[in-house]
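Residue strings, one per chain:
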Amino acid sequence: MSTAAAAAAATAVTMSPRSTGYPSSCKPSNAGCYCKPPAAATISTLRCRSAVSTKGGPTAGRREEEEEWRRYLAPERLEVLAQLEPWAEANMLPLLKPADEVWQPADMLPDAAALGADGFHEACLDLRARAEGVPDAQLVCLVGNMVTEEALPTYQSMSNRFEGTRDATGADGTAWARWIRGWSAEENRHGDVLSRYMYLSGRLDMRQVERTVHRLISSGMAMHAPASPYHGFIYVSFQERATAISHGNTARQVRAHGDAALARICGAIAADEKRHEAAYTRVVAKLFEVDPDAAVRAMAYMMRRRITMPAALMDDGRDADLFAHYAAAAQQAGVYTASDYRGILEHLIRQWRVEELSAGLSGEGRRARDYVCALPDKIRRMEEKAHDRVRKEPTPVPFSWIFDRPVSVVLH
Ligand SMILES: [Fe+2]
Ligand SMILES: [Fe+2]
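Definitions and limits used
Along each chain, the written sequence defines residue order, and numbers are assigned to residues from 1. Each chain gets a letter, beginning with A, and each ligand a number, beginning with 1, in the order they are written. Residues qualify for local features only when their pLDDT is at least 70, as the model is predicted, and side-chain atom pairs are given and counted only at 80 or more; totals for whole chains, interfaces and linings, by contrast, use all residues. In this text, helices come from DSSP runs of H or I with a minimum length of four residues, and strands from runs of E with a minimum of two, each type numbered from the N-terminal end. Neighbour density around each residue's C-beta defines its exposure: 20 or more other C-beta atoms within 10 Å make it buried, 12 or fewer make it exposed, and counts between make it partly exposed, where C-beta atoms are placed from the backbone. In this description, a residue-residue contact is defined by the distance between C-beta atoms placed from the backbone, which must lie within 7 Å. UniProt positions are given in the numbering used here, feature names are shortened, and annotations may be inferred rather than shown by experiment. For a helix, the expected span equals 1.5 Å multiplied by the number of residues minus one. Each pair of strands is called paired provided DSSP finds at least two bridges between the two strands. Here the axes come from fitting lines to C-alpha atoms, over the contacting stretch only for helices, and the angles between their N-to-C directions go from 0 to 180 degrees. These descriptions rest on fixed angle ranges, namely under 35 degrees for roughly parallel, over 145 for roughly antiparallel, 65 to 115 for roughly perpendicular, and the rest for oblique. Each crossing gets its handedness from the near helix: less than a right angle anticlockwise from the far helix is left-handed, clockwise is right-handed. Residue polarity is assigned by list, with Asp, Glu, Lys and Arg as charged and Ala, Val, Leu, Ile, Met, Phe, Trp, Tyr, Cys and Pro as nonpolar; anything else, Gly included, falls into the polar class.

Trainee: Looking at this model, I keep getting lost on the overall build of the protein. Mind explaining?
Mentor: Helices and strands together make up the secondary structure of the protein, namely 16 helices and two strands. The proportion of buried residues among the 412 residues of the protein is 48%. Restricting to contacts in the protein with at least 6 residues of sequence separation, those with at least 24 account for 80%.

Right, dumping it as structure tokens:
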């Protein structure tokens, strides 16, 4: 999963205090809050819905939200997924690669057993020399990507909350369950290879990086509509594309700075993410085909709440605004930017032919379609306004991952 997928729409998903994207009064991981992670421009005006509820009860708005996505757990809707299982077998599983055919982290890094002590030492010195050329901004983006990848247990758990497609026993034979396990196995290589590279490079405070991973997995992630496969597949389609963009941009940039080995690693990860994106985009396209009204309403639901980035809860124990700073660094470096968020949305609208939907749509479905299709222009206008309004100078922000060396970022 993703990513320097930090930034997002309008003024980017430069998320907010305590790096969660949530108002500081809200504790999403504890309270099950479904607050919208705000863009920087709107953060001061938002209130946590669970925080304003009285006597511990959920607000009417939250109840409505929950009722909306819980309708997707009705037997007739889950039956759609059951009917699609042969389709998933034929169209999703072939996008996974078997363990003996796909690259492994050992292919990407010096092999101590094959090279012998002297050869390994020499290869490590070469790796370190190349890594010296990677600027701190790109290193910070790389760590953000790696930390996000390393929180894989969170994402596998997330997939196993989707009713109708989850792996109920942990070893189910359904196509959906085999997809989840195969996808997780592929994803597992991403954090592994990045972590090993970073360790060998000698440029990072690995203990700080590892603490950040530890805390992120402990914190989890707040997912809108956490058990609905419709919403979940839309979310993951978005995320896989965001991840591919982020790793792909990192690959290009570090290659330009002379680190071909790291570029190869990031490029290989980006290629995996593209396959994953293709699979999830296909399944959502199928849902748009067989159940367009429910699909477009689920998409509108997710976009109204924004696509929360998986690393939104990252915390290094030092920087209270780590995620916002990381997002700003990704924006500044061009690794993942506000316009990427809009670009992904535009791409998915085209892929799923949302604009062409008409047959079989309810009034609510038509409103959802119109909302989704108008959203990219709205985001673009917000980007332009934010750009005109805020012309701030970059601020040096220290990152503990790189021994508190500062990276210049524009903070909103
Ligand atoms: Fe990944
Ligand atoms: Fe992926």
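Trainee: How should the UniProt feature "binding site: Fe cation 2" (unreviewed entry) in the protein be read in this particular structure?
Mentor: Using the residue numbers shown here, the UniProt feature "binding site: Fe cation 2" (unreviewed entry) corresponds to Glu-187, Glu-240, Glu-273 and His-276. Across 90 residues in sequence, these annotated residues keep their C-alpha atoms within 10.8 Å of one another, forming a single compact spot. With respect to the secondary-structure elements, Glu-240 resides in helix H11 (residues 229–256). In this structure Glu-240 comes out as buried when scored by C-beta crowding, with 27 C-beta atoms within 10 Å. Among the structural elements, His-276 can be located in helix H12 (residues 260–290). Beyond its immediate sequence surroundings of up to four residues, His-276 is in contact with Trp-183 and Glu-240.

Trainee: Explain helix H14 (residues 322–333) here, please?
Mentor: Residues three or four positions apart in an α-helix share a direction because the helix packs 3.6 residues into each turn. Over its twelve residues, H14 runs 16 Å from end to end, which matches the ideal 16 Å to within 8%, given 1.5 Å per residue. Taken together, the buried positions of H14 are Leu-322, Phe-323, Ala-324, His-325, Tyr-326, Ala-327, Ala-328, Ala-329, Ala-330, Gln-331 and Ala-333. Residues of H14 that are buried make contact with helix H7 (136–150), helix H15 (338–351), strand E1 (395–399) and strand E2 (405–409). The first or second residue beyond H14 is Gly-334, which carries a positive phi of 75 degrees.

Trainee: How should I be thinking about H11 in this particular structure?
Mentor: Look at H11: 40 Å from first C-alpha to last across 28 residues, which is about the 40 Å you get at 1.5 Å a residue. Burial runs high along H11: 24 of the 28 residues are buried.

Trainee: Even after reading the chapter, I still don't get the pairing of E2, so can you show me in this structure?
Mentor: It is a general feature of regular strands that their side chains alternate between the two faces of the sheet. Across five bridges, the pairing between E1 and E2 is antiparallel. Each residue of the ladder has a partner; that of Val-397, found in E2, is Val-407. The antiparallel pairing of E1 with E2 creates a hairpin that spans five residues between the two strands, and Phe-403 there sits at a positive phi of about 60 degrees.

Trainee: Is there a simple way to think about the UniProt feature "binding site: Fe cation 1" (unreviewed entry) in the protein in this case?
Mentor: Per the UniProt record, the feature "binding site: Fe cation 1" (unreviewed entry) sits at Glu-149, Glu-187, His-190 and Glu-273. Over a stretch of 125 residues, the named residues converge on one spot in the fold, their C-alpha atoms separated by at most 11.2 Å. Of note, Glu-149 is situated in helix H7. For Glu-149, a count of 28 C-beta atoms within 10 Å translates into the label buried. Its location among the elements puts His-190 in helix H9 (residues 175–201).

Trainee: How should the environment of Cys-124 be read in this particular structure?
Mentor: For Cys-124, the position within the fold is in helix H6 (residues 112–131). C-beta crowding within 10 Å serves as the criterion here: with 17 such atoms nearby, Cys-124 is assigned to the partly exposed category.

Trainee: What am I meant to see in the environment of Leu-84 here?
Mentor: By the secondary structure assignment, Leu-84 is in the loop between helix H3 (75–83) and helix H4 (85–91). Residues Leu-84 and Trp-176, spaced 92 residues apart in sequence, show a C-alpha to C-alpha distance of 9.5 Å.

Trainee: Could you clarify how one ought to interpret the environment of Ala-285 in this entry?
Mentor: Tracing the backbone through its elements, the reader meets Ala-285 in helix H12. What makes Ala-285 partly exposed here is the crowd of 16 C-beta atoms within 10 Å. If near-sequence neighbours (up to four positions away) are discounted, Ala-285 is found in contact with Gln-351 and Trp-352.

Trainee: Even after reading the chapter, I still don't get the packing of H7 against H14, so can you show me in this structure?
Mentor: Each packed pair of helices is defined by two parameters, the angle between the axes and the distance between the axes. The N-to-C vectors of H7 and H14 enclose an angle of 125 degrees; their axes lie 9 Å apart at closest approach. With respect to H14, the axis of H7 lies oblique. Here H7 runs over H14; the crossing is left-handed. Of H14, the residues touching H7 (which contributes Ala-137, Gln-138, Val-140, Cys-141 and Gly-144) are Tyr-326, Ala-329, Ala-330, Gln-332 and Ala-333.

Trainee: Got a minute to help me understand unusual backbone geometry in this structure?
Mentor: If a residue is not glycine, its phi is most likely negative; likewise, a peptide bond is most likely trans. Phi is positive for Arg-306, which is not a glycine, with a value near 65 degrees. The topology assignment puts Arg-306 in the loop between helix H13 (292–304) and H14. With a phi close to 65 degrees, Asp-404 is a non-glycine residue in the positive phi region. Tracing the chain through its elements places Asp-404 in the loop between E1 and E2.

Trainee: Honestly, the packing of H11 against H13 in this entry has me stumped. Any pointers?
Mentor: At their nearest, the axes of H11 and H13 sit 9 Å apart, and the two run at 60 degrees to each other. When the axis of H11 is compared with that of H13, the two are oblique. Our pair here, H11 against H13, has a crossing hand that is right-handed. Between H11 and H13, the contacting residues are Tyr-230, His-231, Ile-234 and Tyr-235 on the first element and Ala-294, Ala-295, Ala-298, Met-299, Tyr-301 and Met-302 on the second. Partitioning the contact of H11 with H13 into residue classes produces nine nonpolar, one polar and no charged.

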